[in-house]
Amino acid sequence: MVQINENYLKLKAGYLFPEIARRVAAFAEANPNAPIIKLGIGDVTEPLPQACRDAMVQAVQDLGDRATFKGYGPEQGYGWLREAIATHDFQNRGCAIDPSEIFISDGSKCDTGNILDIFGSDNTIAVTDPVYPVYVDTNVMAGHTGPASDRGEYGGLVYLPISAENNFTAQIPNEKVDLIYLCFPNNPTGAVASRAHLQAWVDYALHHGSIILFDAAYEAFITDPDLPHSIYEIPGAERCAIEFRSFSKNAGFTGTRCAFTVVPKALTVQASDGTTVDLWKLWNRRQSTKFNGVSYIVQRGAEAVYSPAGQAQTQALVKFYLENAQIIREQLTAANLEVYGGINAPYVWVKTPNGLSSWDFFDKLLHTCNVVGTPGSGFGAAGEGYFRISAFNSRDNVNEAMARIVANFKG
Ligand SMILES: *Cc1c(COP(=O)(O)O)cnc(C)c1O
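The following paragraphs examine the structure supplied in this document.

Quick notes on the rules
Residues numbered from 1 in each chain as written. Predicted model: local features only at pLDDT ≥ 70, side-chain atom pairs only at ≥ 80, totals over all residues. Heavy atoms only, no water. Helix = DSSP H or I, 4+ residues; strand = E, 2+ residues; numbered from the N terminus. Rg over C-alpha atoms; globule rule 2.2 N^0.38 Å. Buried < 20%, exposed > 50% of the residue type's maximum accessible area, 1.4 Å probe, protein only. Contact = heavy atoms within 4.5 Å. Areas by Shrake-Rupley, 256 points an atom, 1.4 Å probe, with all protein chains shown as cover. Lys, Arg positive; Asp, Glu negative; His and termini not counted. Charge placed at Lys NZ, Arg CZ, Asp CG, Glu CD. Expected span 1.5 Å × (residues − 1). Near = heavy atom within 4 Å. Polar contact = N/O pair within 3.5 Å; in protein donor to acceptor, adjacent residues only side chain to side chain. 1 Å grid on protein atoms, 1.4 Å probe; cavity = no way out; pocket = protein on both sides within 12 Å on 5 of 7 lines; lining within 4 Å. Sits in = over half its atoms within 2 Å of the grid points. Nonpolar A, V, L, I, M, F, W, Y, C, P; charged D, E, K, R; others polar. Pairing = 2+ DSSP bridges. Axes fitted to C-alpha atoms, helices over the stretch in contact; angles between N-to-C directions. Salt bridge = Lys/Arg side-chain N within 4 Å of Asp/Glu carboxyl O. Parallel < 35°, antiparallel > 145°, perpendicular 65-115°, else oblique.

All right, on to the overall build of the protein then. A count of helical and extended segments in the protein gives 11 helices and 15 strands. For the protein, whose C-alpha radius of gyration is 22 Å, the value lies close to the compact-globule estimate of 22 Å for 411 residues. Each of the three principal axes of the protein carries a C-alpha extent, and together these read 60 × 55 × 55 Å. Burial statistics for the protein: of 411 residues in total, 53% are counted as buried. Look at the contacts in the protein between residues 6 or more apart in sequence, and 73% of them connect residues 24 or more apart. As displayed, the protein has an accessible area near 17700 Å², and 51% of this comes from carbon and sulfur atoms. Each charge class in the protein was averaged separately, 32 positive and 43 negative side chains, and the resulting centres sit 3 Å apart.

A few words now on helix 11 (residues 395-409). At 3.6 residues per turn, the α-helix brings residues three or four places apart onto the same side. Here helix 11 contains 15 residues, and its C-alpha end-to-end distance of 21 Å stays within 8% of the 21 Å for a straight helix at 1.5 Å per residue. Among all positions in helix 11, only Val-398, Ala-401, Met-402, Arg-404, Ile-405, Val-406 and Phe-409 are buried. Buried residues along helix 11 sit against strand 1 (37-38), helix 9 (308-334), helix 10 (358-369), strand 13 (371-372) and strand 15 (386-390).

Close to the ligand lie 14 residues, the nearest being Asp-215, Tyr-218, Ser-246, Ser-248 and Lys-249. Interatomic distance of 2.8 Å between a side-chain N/O atom of Asn-187 and an oxygen atom of the ligand. Within the side chain of Lys-249, one N or O atom sits 3.3 Å away from an oxygen atom of the ligand. When the ligand sits alone it has 390 Å² of accessible area, and the protein chains cover 94% of it. Placement of the ligand is best described as lying within the second largest pocket. Here the residues of the shell around the ligand are counted per class, giving five nonpolar, five polar and four charged.

On to the sheet that holds strand 12 (residues 347-351). Strand order in this open sheet of four strands is 11-12-15-14, and the pairing throughout is antiparallel. Two strands bound the open sheet, and with one partner strand each, they are strand 11 (338-341) and strand 14 (374-375). Alignment of strand 14 against strand 15, held across two bridges, turns out to be antiparallel. Across the sheet, Pro-375 pairs through a bridge with Phe-387, a residue of strand 15. The strands touched by helix 10 are strand 14 and strand 15; relative to strand 15, the strand with the most contacts, the crossing angle is about 45°.

The next thing to look at is the environment of Thr-189. Relative to the assigned elements, Thr-189 resides in the loop between strand 5 (179-183) and helix 6 (195-208). For the pair formed by Thr-189 and Pro-18, sequence separation is 171 residues and the distance between their alpha carbons is 21 Å. Excluding anything up to four places from it in sequence, Thr-189 contacts Pro-130, Ile-162, Phe-168, Tyr-340, Gly-341, Tyr-347 and Trp-349. Engagement of the side chain of Thr-189 in a polar contact is seen with the side chain of Asn-186, the distance being 2.8 Å. In terms of polar contacts, Thr-189 uses its side chain to reach the backbone amide nitrogen of Ala-191, at 3.2 Å.

Right, let's talk about the side chain of Gln-299 for a bit. Positionally, Gln-299 belongs in helix 8 (residues 296-303). In this view, Gln-299 contacts Gly-77, Tyr-78, Trp-80, Leu-81, Ile-104 and Val-294; residues no more than four positions away in its chain are not counted.

Bringing the pattern of salt bridges into the picture now. Scanning the model with the defined rule gives 15 salt bridges in all. For Arg-151, the salt bridge identified is with Glu-153, shortest N-O distance 3.3 Å. One salt bridge in this structure joins Glu-323 and Arg-395, with 3.1 Å as the shortest N-O distance. In this pair, Glu-323 is assigned in helix 9 and Arg-395 in helix 11, connecting sequence segments 72 residues apart. Residue Glu-323 is classed as partly exposed on the basis of its relative accessible area of 30%. Connected through shared salt-bridge partners, Glu-19, Arg-22, Arg-23 and Asp-363 make up one network.

Interaxial distance between helix 9 and helix 11 falls to 9 Å at its minimum, and their mutual angle equals 10°. Relative to helix 11, helix 9 is oriented roughly parallel. Counted together, Phe-320, Glu-323, Asn-324, Ile-327, Ile-328, Gln-331 and Leu-332 of helix 9 and Arg-395, Val-398, Asn-399, Met-402, Ile-405 and Val-406 of helix 11 form the full contact between these two elements. The residue makeup of the contact of helix 9 with helix 11, split by class, is eight nonpolar, three polar and two charged.

Here's what the structure looks like:
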């Protein structure tokens, strides 16, 4: 008889976004004229930068000429893109990352899941609570957890609660964990990590021989000059951290698909027979075997992000979303709601009023304001009593949604 990967059966049925979609669809069916504004799912809304589009059009032309045609590219990505990334995102910030340590991919979502291929099955794994659900679910699928409890917590994972009480930065555990997922600026809370906080994690990881899986998908939203953009700005991180980056949020590539993962060559782990193994070699082997690279057209589009025009246009995009976030913060505050995040991140994390549960607040906002957000409890048990509002939308929609909330909640 065929066996399936029964770990999939442990996954919680009512995944967050389908449940949101179900409730919104039911409401829309009952209220066909309700002008619903969605500030829920973290997807960008504004068009691709001109520089990226121009580069992709040119790349299509390249493919139309025998002399410049491209077939399979390198599994790790084209050298010119890896070099542009190494220079602009790392070396210009004082991080000694070499182009060969950068692996181009079609998404950080895939990479944060796929990275588990190179690790064993008996690691102790820590995640924050709330958390980006991909880190948890990919570990469930890989059989690294027990079943989910009533609270929705999987046996075998170490949950590090983050809340207003600890400034949304996890307390560093006393016990040893092997793999730690960190995401800064954070989805869903919009929180950031200071240099000192990241240094404490790096020190912990070096002391225990742990590995930090650092998701920096939102680094472009950092406006505070004192905040690190990359974990490799922290001394020692090249010996204990893998970093995930994406063009999805800074350049609007959520539908275009391009990202990259940094695996420093200094990152080594002891195999069970005591030999020292380079994780770079394992990831290189994994990618070479299971992945055939990102399309030439898309990589040319990503390369254009680093051109002077691309830099100006992506910065303008990020600035636009951050202004949305500022409007959301100001208006929700005016509506007497308690807000966090949204300064160096496109997400505002709202404390639900009057002790409402996250889902009760979701329903209330949907029914009274026709505004859709994301219940904090969907990101983990400790997200209960919070609510995420995304700044990814048009200015008109943001203004309109906020006006409705102020009208309903003020006073
Ligand atoms: C959007 C997002 C990403 C980017 O995912 P892609 O697959 O590159 O689009 C990665 N991590 C987090 C936490 C995100 O919210």
